[in-house]
Amino acid sequence: MRPHRAYSPGLSGVLPLREGRHLVEVLRARVGDRFTVFDETREALAEVVDLGPPVRYRILEERTPEREVGVEVVLYVALLKGDKLTEVVRGATELGATRIQPLVTCHSVPKGMGEEKLRRLRAIAVEAAKQSGRLRVPEVLPPLPLKEVPEVAQGLVAHPGAGARVGEVLDPERPLALAVGPEGGFAEEEVAFLESRGFRPVTLGRRILRAETAALALLALCTAGVGR
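Reading guide: rules and limits
- Position labels on residues start from 1 in each chain and follow its written sequence.
- Only residues with pLDDT of 70 or above have their local features reported here, since the model is predicted, and side-chain atom pairs are shown and tallied only from 80 upward, although totals for entire chains, interfaces and linings are computed over all residues.
- Heavy atoms throughout the structure, all of them, feed into the side-chain values; hydrogens and water do not.
- Counting from the N terminus, the helices are the DSSP runs of H or I reaching at least four residues and the strands are the DSSP runs of E reaching at least two.
- Burial classes: relative accessible area under 20% of the type maximum marks a residue as buried, over 50% as exposed, and values in between as partly exposed (1.4 Å probe, protein chains only).
- We call two residues in contact whenever any of their non-hydrogen atoms come within 4.5 Å of each other.
- Note on areas: these come from Shrake-Rupley sampling with a 1.4 Å probe, and a residue is covered only by the protein chains present in the view.
- Positive: Lys, Arg. Negative: Asp, Glu. His and the chain ends are not part of the count.
- To locate a charge, take atom NZ for lysine, CZ for arginine, CG for aspartate or CD for glutamate.
- Strands are treated as partners if at least two bridges between them are detected by DSSP.
- Every axis corresponds to a line fitted to the C-alpha atoms, with the helix fit spanning only the stretch in contact, and the corresponding angles, defined between N-to-C directions, vary from 0 to 180 degrees.
- Aromatic contacts are taken between Phe, Tyr and Trp rings whose centres are within 6.5 Å, Trp giving its six-membered ring; a plane angle under 30 degrees counts as stacked, one over 60 as edge-to-face, and the others as tilted.
- A ring has a charge above it when a Lys NZ or an Arg CZ is no more than 6 Å from the ring centre and no more than 35 degrees off the ring normal.
- For a crossing to be left-handed, the near helix must be turned anticlockwise from the far one by less than a right angle; the clockwise case is right-handed.
- Three residue categories are used. Nonpolar comprises Ala, Val, Leu, Ile, Met, Phe, Trp, Tyr, Cys and Pro, charged comprises Asp, Glu, Lys and Arg, and polar comprises the others, including Gly.

## A word on the overall build of the protein
Okay, step 1: A count of helices and strands for the protein gives 6 helices and 11 strands.
Okay, step 2: Along the first, second and third principal axes, the C-alpha atoms of the protein reach 60 × 35 × 30 Å.
Okay, step 3: Relative to its 228 residues, the protein shows a buried fraction of 50%.
Okay, step 4: Pairs at least 24 residues apart make up 70% of the contacts formed inside the protein by residues separated by at least 6 positions.
Okay, step 5: Entry remark: accessible area of the protein is about 11,100 Å², with carbon and sulfur atoms responsible for 50%.
Okay, step 6: Between the mean site of the 33 positive side-chain charges and the mean site of the 31 negative ones, the protein shows a separation of 4 Å.

## Digging into the sheet that holds strand β3 (residues 43-50)
Okay, step 1: Within the open sheet, the 4 strands sit side by side as β1-β2-β3-β4. Their pairing is mixed. Looking at the sheet topology across the chains shown, the edges are occupied by β1 (5-7) and β4 (56-63). On average, each strand axis in the sheet is inclined to that of its neighbour by 40 degrees, with strand direction left out of account.
Okay, step 2: Both strand β2 (residues 34-38) and β3 contribute to a ladder of 5 bridges, which runs antiparallel. Directly across from Thr-36, in β3, lies its bridge partner Leu-45.
Okay, step 3: Against the sheet, helix α3 (residues 115-132) touches β1 and β2, its axis set at about 145 degrees to β1.

## Quick look at the packing of aromatic side chains
Two numbers describe a pair of aromatic rings. These are the distance of the centres and the angle of the planes.
Okay, step 1: Scanning all chains against the criterion turns up 3 aromatic pairs.
Okay, step 2: Ring centres of Tyr-7 and Phe-38 lie 5.3 Å apart, and the angle between their planes is 50 degrees; on these two criteria the pair is classed as tilted. A residue pair is termed long-range when its members are at least 10 positions apart, and Tyr-7 in strand β1 and Phe-38 in strand β2 qualify at 31 residues.
Okay, step 3: When the ring centre of Phe-38 is taken as origin, the NZ or CZ atom of Arg-5, which lies over that ring, is 4.1 Å away.

## Some thoughts on the packing of helix α2 (residues 84-95) against α3
Okay, step 1: Where α2 contacts α3, the axes come no closer than 8 Å and their chain directions differ by 35 degrees. Classified by chirality, the crossing of α3 by α2 is right-handed. Residues Leu-85, Thr-86, Val-89, Arg-90, Thr-93 and Glu-94 of α2 touch α3, and the partners they reach there are Arg-120, Leu-121, Ile-124, Ala-125, Ala-128, Ala-129, Gln-131 and Ser-132.
Okay, step 2: Its residues assigned to classes, the contact of α2 with α3 comprises 7 nonpolar, 4 polar and 3 charged.

These figures come from the coordinates and say nothing about function on their own.
Right, dumping it as structure tokens:
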């Protein structure tokens, strides 16, 4: 069996059913095969002891790799058309976000999200964490009206025409909240509201970016320069 990482909360010795099915039905695991399990704080080399269901394993060697950003990074992203949030959740997980909070905004075309889509986005976060070597799977939360965004210690909002650049205002040692609008961007009054909550408008350059590109560009600029 080729090298594989499986998400197993608590490293309990039992894989969640989805993870176990993938190991057995897709990767054709056998008793004695080795793979990696991880949860929010640890990962370990493991060995299959029972194909189940559920699949059971024993831990051979624990590890504590340093792959997280080192500070909390919350991404507030407006609800987007079609399946664009899938791309955002996958990329944001790879880039180190710790929480992903969809927002309902003035210019959002979708004004809500069904339970099935939310479950799918959470599954994508798990898969992206497995692929990227992360221990922590970011929370993907139900949509929140923008007016309910709380005050933040350090926040940046992507806004065309802003004068400040990320590198000029980012404090790499403080928890970080990032906000990105929908297609068409935030309304001016929404930007003003976010400023009242502790967000500072920043530019992402002179080019016009798609909403999903802007979210990942802002996140990449920040997580490359914060924490570890």
